[in-house]
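Summary of the model geometry
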Amino acid sequence: MSVGAQRDDFDVAVVGGGLVGAAVAYGLGRLGNRVVVLDEGDMAVRASRANFALVWVQSKGLGMPEYAGWTVASAEAWPELAEELRRETRLDVHLEQTGGFHIALSEAELEARTSTLKRFHNQTGVAQYKTEILGRAELDRFLPGLGPDVVGGSYCALDGHVNSLKLFRALHIAMQAQGTKYLADHAVTAIEHDKGAFRLTAGGRQVVAGKVVLAAGNANQHLAPMVGLKAPMRPERGQIIVTERVKPFLRHPIVTIRQTDEGTVMLGDSKEEGTDPVGLNLGISSTIASRAVRTFPVLGKLNVIRSWRGIRVMPADGFPIYEQSTSHPGAFVVTCHSGVTLAAAHALKLAPMIHAGQLDETLEAFSARRFDVQAFA
Amino acid sequence: MFKRLPDCPATAVILTVDGRAIEAREGDSVAAALLAAGFAQTRQSAVSQSPRAPYCMMGVCFECMVTVDGVANRQGCMVPVREGMRIETLRGRREISA
Amino acid sequence: MSGHEFKDAYDVVVVGAGAAGLAAAAEIARAGLDTLLVDENAGPGGQIYRAITTTPVRKREILGDEFWNGAALVDEVRSSGASVTQTATVWSLDADLMLGISWGGRSRNVSARRVVVATGAMERPFPIPGWILPGVMTAGAVQTLLKSSGLLPAGRTVVAGTGPLLWLLSAQILRAGGAIDAILDTTPRGSLTRALPYASGFLLSPLFAKGLALRSEVMRKVRVVRHVTELVAAGGDKLETVTFATRQGAKATLPADALLLHQGVVPNTMLAMAAGVAHRWDERQLCWSPVLDQDGRSSIEGIFVAGDGAGIAGALAAELRGRLAGLAVVRDLRPGYESSETQSIRQKLQREERARPFLDVMFQPPREMRAPADDTIVCRCEEVTAGEVRKAARLGCAGPNQLKAFLRTGMGPCQGRLCGLTLTELLAEANGVAPGEVGHLRVRPPVKPISLSELAEMPVSEAATKAVVRG
């Protein structure tokens, strides 16, 4: 028996140190697991550094009612997560669930929005919560300073936002305070399953863990098959613009405009195909800017400090994938677009299931087996 | 505290800073004019309201930001002075009103 | 030199009208190519030749012959046929050679077949306690005030740091009739010994004799404290004192109205990095430099980098690099065009560059002034200390981009210009890896802020609109 040799074995290896991986790792550490988080390096394409930071409910789950329910559950669990993180890290992630808006800049946009919401709420089994269509006069009561082009919008009281960078940092501080080991520059290149344990090759070292959670965003597409799972993703990018700091002027987040607790105003977000996160389409930046100025003309005076094009982690049908491997029990895949909104569900609901070794039946709809069904349909 | 060279031939230009008239010279940037007029502090930072003043004078540090003719947070060192220009110093985060 | 109407496309756009940009634009336009030279400042000249066409400083000896040399370059561009636009800010450049240019509060896209980035140098960050106080400025800032406005520091003035510019500025202040209370020289003990192996190239250069002369000119008039290892600026609403300690253990506090800091210059890489040009860590100059061939061709097809932005080598080298890049651009666009001068320019450039290694090593700023103690603010915009950076490194931050997400370092209006190098060096030290492995902050447009309405009013394609508008 070797004495004092450093044992690189853990209860759980979480692959991916972004918001999804960190939330799951935090949730597992909370339950006493010895966790290692294997992450890529500084230039990793990372949605956690390029997201819009909404904790968003309205109209999520069109086409999959279970997603609506899971989203609402996470939004409801969010205050508990924020409070826990504040207690453990003394970082305030600035959760504000004051209700959020979607703004229409023409009658046609308002009609499209109305019909989307109607289709959404007509789904059988969808979580019942209120999303209202508001006219211009009603919007003015919540959102002073709207421009003449705004005709109306939708409102949901469950919507909100956080400071997602503080969330990212708080999760990292909290998980490491629990004893979780975080390894940057350790991209996983191979996973082997042997005698009930997983052996991961990452950054030139071998890590052994009883369970493995794949939370590596788009890289899950390539990692999942190593443990008998799949995670079909589609390439999608989005652009975001951020302004200089300004005194508070906007009390509610809008799906494309929000003011952070620091005072900067974030404007987003576009949807384009493609995977190159570096290049930036100035035309898209300009369109985002133009719509923001039409929504709130005073924004026009603000200086733009940065803009970026981020990669979206987007499963092929837009809905999360949660599944345990049948061929490699103990291996889980966790992939979704909304790492901020779902952070509370991942830390406080999903992690306990992984800890128990069994995903709840309520998550059955999120299995990637749904893609096989679609293939036959 | 800065002083002009004695034989400096440039034409005088009058601008106002926070409502007060100051004399600058053609060829000055706004930041240079403020320093020449004895302004030690030209801004309070957006984060902690700490006092700041021009630092690099070449457009890289953004410490010299001021409001020029109603446009906030412009780099004072990059804007040449013009007769009648209105300058306002900034205190912390700027404000936009609806 | 007006030209506020921009065309949609040019053969070549040269960014920056300093020594390199002026020379490049002149070479390119002379060959008959449609050339736009854009520059952010009120007049041409860059930093070295700042205000060369407008300076109110009449006595030529105050600024020295090297300054006045710039006039010929400006004349050369004026007769070359290049369009020159001042007060125009290039805030975006991409790999398709599309530029975003702001002029007069309006932005437009301009495309080019070749782009020469000649954005020059900026002063190396000099993070010491109290460097955010009013009254603390860079030495270059005071040189700018002198050149463009004929202004001199009038109160108690302390100059601190290391490097040739420190002595040049001090000499200029003294010649102009100004006074300096003390020069606190931070050049580490043993620098000369370390630099000696590189001395042969330097001894042959005229810089050697000039440097010595400047130094003795200044030392005759000013108290110089050598081997300074600690510097602290202190005061309430503005600078009141400068406290220093030397390697030998001397410690003193000087009353001061101005503290002028300088520890060398580094390439201003913002625009080249935003375009995606590959950069490497320069171990001797301790900064990022673009990876280039001998003509300044970068990793991105069609983008050239010339001048000090390509690695610090001084004004004469910058001009020569500008010419070489310009001639290479002409060869690209006018196949068969050959200049008889290319070889002799290359030889002259080699001579200039041979002097550099000695200066780089001799004036390499001390570690404690590049990676300061925990309580020193390193990111001036977001007010983040070196200690917070080290703490984030212990949390597993491998590079400045993760750091930015955790601490907002580099997210303020200066976009990391004044903290980027410090962050890389702090992380390298904390993580025990080379700065080149740590990497640099990603740079994204706009590299200079523009207003949202300016961005909103730019022309837009239908596809771009469709990508944003949602039901």
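Definitions and cut-offs
Residues numbered from 1 in each chain as written. Chains lettered and ligands numbered in written order. Predicted model: local features only at pLDDT ≥ 70, side-chain atom pairs only at ≥ 80, totals over all residues. Heavy atoms only, no water. Contact = heavy atoms within 4.5 Å. Buried area = accessible area lost by both parts, 1.4 Å probe. Salt bridge = Lys/Arg side-chain N within 4 Å of Asp/Glu carboxyl O. Polar contact = N/O pair within 3.5 Å; in protein donor to acceptor, adjacent residues only side chain to side chain. Helix = DSSP H or I, 4+ residues; strand = E, 2+ residues; numbered from the N terminus. Phe/Tyr/Trp six-rings, centres within 6.5 Å; stacked < 30°, edge-to-face > 60°. Buried < 20%, exposed > 50% of the residue type's maximum accessible area, 1.4 Å probe, protein only. Nonpolar A, V, L, I, M, F, W, Y, C, P; charged D, E, K, R; others polar. Disulfide = S-S within 2.5 Å. Core = buried A, V, L, I, M, F, W, Y, C linked by side-chain atoms within 4.5 Å. Pairing = 2+ DSSP bridges. pLDDT = per-residue confidence, 0-100. Axes fitted to C-alpha atoms, helices over the stretch in contact; angles between N-to-C directions. Parallel < 35°, antiparallel > 145°, perpendicular 65-115°, else oblique. Left-handed = near helix turned anticlockwise from the far one by under 90°. Right-handed = clockwise from strand over helix to strand, strands pointing away. 1 Å grid on protein atoms, 1.4 Å probe; cavity = no way out; pocket = protein on both sides within 12 Å on 5 of 7 lines; lining within 4 Å. Points joined across faces, edges and corners; volume = space filled by probe spheres on them.

A few points about the interface of chain C and chain B
Taken together, the 51 residues of chain C in the interface contact 36 residues of chain B. Buried area between chain C and chain B, both sides added, is near 3,500 Å², and the carbon and sulfur share of it is 64%. At the junction of chain C with chain B, the criterion picks out two salt bridges. Note that C:Glu383 is salt-bridged to B:Arg52, the shortest N-O span being 3.1 Å. For the pair chain C and chain B, the interface holds 14 residue pairs in polar contact (both at pLDDT 80 or more). Residue assignment for the side of chain C that touches chain B shows that the elements contributing at least two residues are strand E7 (121-123), strand E8 (136-138), helix H5 (139-149) and strand E9 (151-153) of chain C. With eight residues, H5(C) is the single largest residue contributor to the side of chain C that touches chain B.

Points about the packing of aromatic side chains
A complete count under the given rule lists 15 aromatic pairs over all chains for this structure. Here the aromatic rings of A:Phe120 and A:Tyr129 are separated by 6.0 Å at their centres, their planes lie at 55°, and the arrangement is tilted. No difference in accessibility class separates A:Phe120 from A:Tyr129, as the two residues are buried. Judged by centre distance (5.2 Å) and plane angle (65°), the rings of A:Phe168 and C:Phe406 are edge-to-face. With A:Phe168 in helix H5 (residues 164-177) and C:Phe406 in helix H15 (residues 400-407), this residue pair bridges two chains. Both residues of the pair, A:Phe168 and C:Phe406, count as buried.

Concerning the interface of chain C and chain A
Where interface size is given, it is often the accessible area lost as the parts come together that is meant. Opposite the 43 residues of chain C that make contact, chain A presents 55 residues. Both sides together, the interface formed by chain C and chain A hides about 4,100 Å², and carbon and sulfur atoms give 59% of it. Close ionic contact of A:Glu262 with C:Arg408 constitutes a salt bridge, the shortest N to O distance being 3.2 Å. Across the chain C-chain A interface, the total number found is 16 residue pairs in polar contact (both at pLDDT 80 or more). Only strand E4 (88-93), H15, strand E23 (450-451), helix H18 (452-456) and helix H19 (462-468) of chain C provide two or more residues apiece to the side of chain C that touches chain A. For the side of chain C that touches chain A, the leading source of residues is H15(C), giving seven residues. Taken together, the residues of the side of chain C that touches chain A break down into 23 nonpolar, 13 polar and seven charged.

Observations concerning the state of the cysteines
All names here are of chain C. Under the definition given, this model contains zero disulfides over all chains. Counting only cysteine sulfurs, Cys419 is the nearest neighbor of Cys287, a cysteine outside any disulfide, at a range of 16 Å. The exposure class of Cys287 is buried, given its relative accessible area of 1%.

Some thoughts on the nonpolar core
Counting 156 residues, the largest nonpolar core has A:Trp78, A:Leu350, C:Leu184, C:Leu231, C:Leu259 and C:Leu261 as the members making the most contacts within it. Core analysis: the next-biggest nonpolar cluster, separate from the first, contains 69 residues, C:Phe67, C:Ala176, C:Ala328 and C:Val329 among them.

Focus on the sheet that holds strand E9 (residues 90-91) of chain B
Residues and elements named next belong to chain B. The three strands lie next to each other as E5-E4-E9, forming an open sheet whose pairing is mixed. Either end of the sheet is taken by a strand with one partner, and the two such strands are strand E5 (51-52) and E9. Pairing of strand E4 (residues 43-44) with E9, which is carried by two bridges, proceeds in the parallel orientation. Bridged to Arg43 within E9 is Leu90.

Overview of the confidence of the model for chain A
Of all residues in chain A, 94% attain a pLDDT of 70 or more, and the chain-wide mean is 92. Across residues 1-6 of chain A, where pLDDT falls below 50, the model places one contact with residues more than four positions away in sequence or in other chains.

Considerations on the sheet that holds strand E5 (residues 131-135) of chain A
Across a sheet, strands are paired by hydrogen bonds formed along the backbone, either parallel or antiparallel in direction. Residue and element names in this part refer to chain A. As summarised here, the arrangement of the three strands in space is E4-E6-E5, forming an open sheet in which the pairing is antiparallel. Strands with a single pairing partner mark the edges of an open sheet, and in this sheet they are strand E4 (100-104) and E5. Sheet twist, expressed as the average angle between the axes of neighbouring strands with direction ignored, equals 25°. In this structure, E4 lies alongside strand E6 (residues 152-156), joined through five bridges in antiparallel fashion. If you follow His102 over to E6, its bridge partner there is Ser154. Against the sheet, helix H3 (residues 107-121) touches E4, E5 and E6, its axis set at about 160° to E5.

With respect to the packing of helix H6 (residues 164-175) of chain C against helix H9 (residues 206-219) of chain C
Residues and elements named next belong to chain C. Viewed as axis vectors pointing N to C, H6 and H9 meet at an angle of 50°, and their least axial separation amounts to 9 Å. What the angle tells us is that H6 and H9 run oblique. Seen from above, H6 lies across H9 with left-handed handedness. The residues of H9 that touch H6, namely those facing Trp167, Leu168, Ser170, Ala171, Leu174 and Arg175, are Leu214, Arg215, Glu217, Val218 and Met219. When grouped by side-chain class, the residues that make up the contact of H6 with H9 number seven nonpolar, one polar and three charged.

Focus on the pairing of strand E18 (residues 331-335) of chain A
All names here are of chain A. Judged by how many residues are buried, E18 sits mostly within the fold: five of five residues are covered. Burial of the side chains of E18 extends over both faces: Ala331, Val333 and Thr335 are buried on one face and Phe332 and Val334 on the other. In this structure, strand E11 (residues 205-214) lies alongside E18, joined through three bridges in parallel fashion. In the sheet register, Leu214 faces E18, and the bridge partner there is Val333. When strand E17 (residues 321-324) meets E18, the two strands line up antiparallel, connected through four bridges. What sits directly across from Glu323, in E18, is Val333. In this antiparallel pair of consecutive strands, E17 and E18, the connection spans six residues, and Gly330 shows a positive phi of 100°.

Remarks on the pairing of strand E2 (residues 35-38) of chain A
Residues and elements named next belong to chain A. Because side chains alternate across E2, one face comprises the buried residues Val35 and Val37, and the other comprises Val36 and Leu38, equally buried. Where strand E1 (residues 9-15) and E2 come together, four bridges link them in parallel fashion. In the sheet register, Ala13 faces E2, and the bridge partner there is Val36. Taken together, E1, helix H1 (residues 19-30) and E2 constitute a β-α-β crossover, and its handedness is right-handed. In this sheet, strand E8 (residues 181-183) lies alongside E2 in parallel orientation, the contact comprising three bridges.

Concerning unusual backbone geometry
Here C:Pro445 and C:Pro446 are connected by a cis peptide whose omega angle stands at -5°. Here C:Pro446 lies in the loop between helix H17 (435-438) and E23. Despite not being glycine, B:Asp69 has its phi angle at roughly 45°, a positive value. Within the element layout of this structure, B:Asp69 appears in the loop between strand E6 (65-68) and strand E7 (71-75). With relative accessibility at 29%, the residue B:Asp69 sits in the partly exposed group.

What to know about the packing of H1(A) against helix H8 (residues 343-356) of chain A
Between two packed helices, both the angle of their axes relative to each other and the distance between the axes serve to describe the pair. Residues and elements named next belong to chain A. Across the interface, H1 lies against H8 with an axial gap of 8 Å and an inter-helix angle of 55°. Comparing the axis directions of H1 and H8 gives the class oblique. Along this stretch, H1 crosses H8, giving a crossing that reads as right-handed. Residues Val20, Ala23, Val24, Tyr26, Gly27, Leu28 and Arg30 of H1 pack against Ala343, His346, Ala347, Leu348, Leu350, Ala351, Ile354 and His355 of H8.

Points about empty space enclosed by the protein
Inspection of every chain in the model, using the stated rule, returns seven cavities of 30 Å³ or more. Size it by volume and the largest cavity reaches roughly 510 Å³. A:Arg49, A:Ala50, A:Leu165, A:Trp308 and C:Met411 are the residues nearest the centre of the largest cavity, which is lined by 34 residues in total. Secondary structure elements with two or more residues in the lining of the largest cavity: H5 and strand E16 (303-312) of chain A together with H15 of chain C.

Overview of the environment of A:Leu62
Residue and element names in this part refer to chain A. Residue placement: Leu62 occurs in the loop between strand E3 (54-55) and helix H2 (65-89). C-alpha separation for the pair Leu62 and Leu117, spaced 55 residues apart in sequence, amounts to 8.6 Å. In this view, Leu62 contacts Thr116, Arg119, Phe120, Gln123 and Phe319; residues no more than four positions away in its chain are not counted.

Some points on H15(C)
Counting buried positions along H15(C) gives eight out of eight residues, so the element sits mostly inside the fold. Phi turns positive, to about 70°, at C:Arg408, one or two residues after H15(C).

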